[in-house]
2 protein chains.
Amino acid sequence: MGASNLTIHSQEQIDVAAIAKVLAHPARVAILEYISQQDSCICNDIVDKIGLSQPTISQHLQIIRQAGLIKGSFEGKSICYCLDVKRFKEFQDLFNIYFNTTTANCC
Amino acid sequence: MGASNLTIHSQEQIDVAAIAKVLAHPARVAILEYISQQDSCICNDIVDKIGLSQPTISQHLQIIRQAGLIKGSFEGKSICYCLDVKRFKEFQDLFNIYFNTTTANCC
DNA sequence: AATTAATATTGCAATATTACGATTATACCT
DNA sequence: AGGTATAATCGTAATATTGCAATATTAATT
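All values reported here derive from a predicted model rather than from experimental measurement.

Asks: Before we move on, can you summarise the overall build of chain A with the specific residues and values?
Replies: Of the regular secondary structure elements, chain A holds five helices and two strands. Ordered by position from N to C terminus, the α and β elements of chain A give α-α-α-α-β-β-α. Counting only residues that meet the buried cut, chain A has 44% of its 107 residues in that class. Restricting the contact set of chain A to residue pairs at least 6 apart, pairs at least 24 apart contribute 48%. A total accessible area of about 5700 Å² is found for chain A, and carbon and sulfur atoms account for 51% of it.

Take a look at the structure:
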């Protein structure tokens, strides 16, 4: 990439972009969807379901986890990954605030 | 990238990811915000406002244009880029459908 | 037609992302 | 402790993204 310009974007713009980035891959969209549909979910299940290798899924899970969208807790030998519904709603709100304040039209 | 696995994601998942990708960069978030705030907007204005070079802005504009989020029409020597509000709302709806159907909790 | 202003395109470098095999850690079970 | 199942991490290759300088294109104006 070119020299990272010290372009000043607003914090809101950076936040919206960061959230969008998490959802910018079909696998992560699918993983979140899948997790929300399960009573209890385990990485290996996801591997079977999505059709990517275990390390790749694990990598995607890490990105989702770092964004705070899921919480993992051990349950026997497996980890139960659960949606952080509160955080998920925060994401949705931030998006809608952005969408709702960005709809004026010049033409 | 590794061999592109023929992973089957649903069309909805692919669509959500594609939309998210457009918004996954602060510059594009900022551009959309700026365009929606103007009565009439011109690329060079954006260049001054965002602080990236003209080719870079033009590139981002192309990505936004290809997603159908803005329409450009010539107005004298400049191009007037306008938000496609209808398309923008479609984006928002798709996102909200995704967010609303993906909020169950297992823990 | 030449000039000028505005935007797009090209070419290329730096970096980020995605994917997977191999390996390592973790935790249960015998 | 040793064995087994599950998930994380490491290393690395392929590809995508981002950014800009240089150049080309487009359209109004002289």
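Asks: Can you break down the interface of chain B and chain A residue by residue, with the values?
Replies: The interface is formed by 49 residues belonging to chain B together with 49 residues belonging to chain A. The contact between chain B and chain A buries some 4000 Å² in all, and 63% of this surface belongs to carbon and sulfur atoms. Our enumeration of links across chain B and chain A arrives at zero salt bridges. Put simply, chain B and chain A have nine residue pairs in polar contact (both at pLDDT 80 or more) between them. Breaking the side of chain B that touches chain A down by element, the ones donating at least two residues are α1 (11-22), α2 (26-37), β2 (78-83) and α5 (85-101) of chain B.

Asks: Please set out the packing of helix α1 (residues 11-22) of chain A against helix α5 (residues 85-101) of chain A residue by residue, giving values where relevant.
Replies: All names here are of chain A. One way to put it is that α1 packs onto α5 with a least axis distance of 10 Å and a crossing angle of 125°. The orientation of α1 relative to α5 falls into the category oblique. Two packed elements cross with a definite hand, and for α1 against α5 that hand is left-handed. Contacts between α1 and α5 involve Glu12, Asp15, Val16, Ile19 and Ala20 on the former and, on the latter, Phe91, Leu94, Phe95, Ile97 and Tyr98.

Asks: Summarise the nonpolar core; cite the residues concerned and give the values.
Replies: Ranked by internal contacts, the top residues of the largest apolar core, which has 66 residues, are Leu32(A), Ile57(A), Leu61(A), Leu32(B), Ile57(B) and Leu61(B). Apart from the residues lying within four places of it in its own chain, the contact partners of Leu32(B) are Tyr98(A), Thr102(A), Leu23(B), Ile64(B), Leu69(B), Ile70(B), Leu83(B) and Phe88(B).

Asks: How would you explain the pattern of salt bridges if you had to name every residue and give the values?
Replies: All names here are of chain B. On inspection of all chains with the given rule, the structure shows two salt bridges over all chains. We note a salt bridge from Glu90 to Arg87, for which the minimum N-O separation is 3.2 Å. Here Glu90 and its partner Arg87 are both found in helix α5, three residues apart, which amounts to about one turn of the helix. Arg87 sits in the partly exposed class, given a relative accessible area of 30%.

Asks: If you had to explain the relation of the copies chain B and chain A to someone new, which residues and values would you point to?
Replies: Copy one and copy two of the chain differ by a rotation about an axis and a translation along that axis. Mapping chain B onto chain A is achieved by rotating through 180° and translating by 0.0 Å along the same axis, at an RMSD of 0.0 Å. Considering both components of the superposition, the chain copies are consistent with a two-fold axis. Scanning chain B for the C-alpha nearest the rotation axis identifies Ala20(B), at a separation of 2.3 Å. A shared interface surface links the copies, since 100% of the contact residues of chain B are contact residues in chain A too.

Criteria and cut-off values
- Residues numbered from 1 in each chain as written.
- Chains lettered and ligands numbered in written order.
- Predicted model: local features only at pLDDT ≥ 70, side-chain atom pairs only at ≥ 80, totals over all residues.
- Heavy atoms only, no water.
- Helix = DSSP H or I, 4+ residues; strand = E, 2+ residues; numbered from the N terminus.
- Buried < 20%, exposed > 50% of the residue type's maximum accessible area, 1.4 Å probe, protein only.
- Contact = heavy atoms within 4.5 Å.
- Areas by Shrake-Rupley, 256 points an atom, 1.4 Å probe, with all protein chains shown as cover.
- Buried area = accessible area lost by both parts, 1.4 Å probe.
- Salt bridge = Lys/Arg side-chain N within 4 Å of Asp/Glu carboxyl O.
- Polar contact = N/O pair within 3.5 Å; in protein donor to acceptor, adjacent residues only side chain to side chain.
- Axes fitted to C-alpha atoms, helices over the stretch in contact; angles between N-to-C directions.
- Parallel < 35°, antiparallel > 145°, perpendicular 65-115°, else oblique.
- Left-handed = near helix turned anticlockwise from the far one by under 90°.
- Core = buried A, V, L, I, M, F, W, Y, C linked by side-chain atoms within 4.5 Å.
- Least-squares fit on C-alpha atoms with pLDDT ≥ 70 in both.

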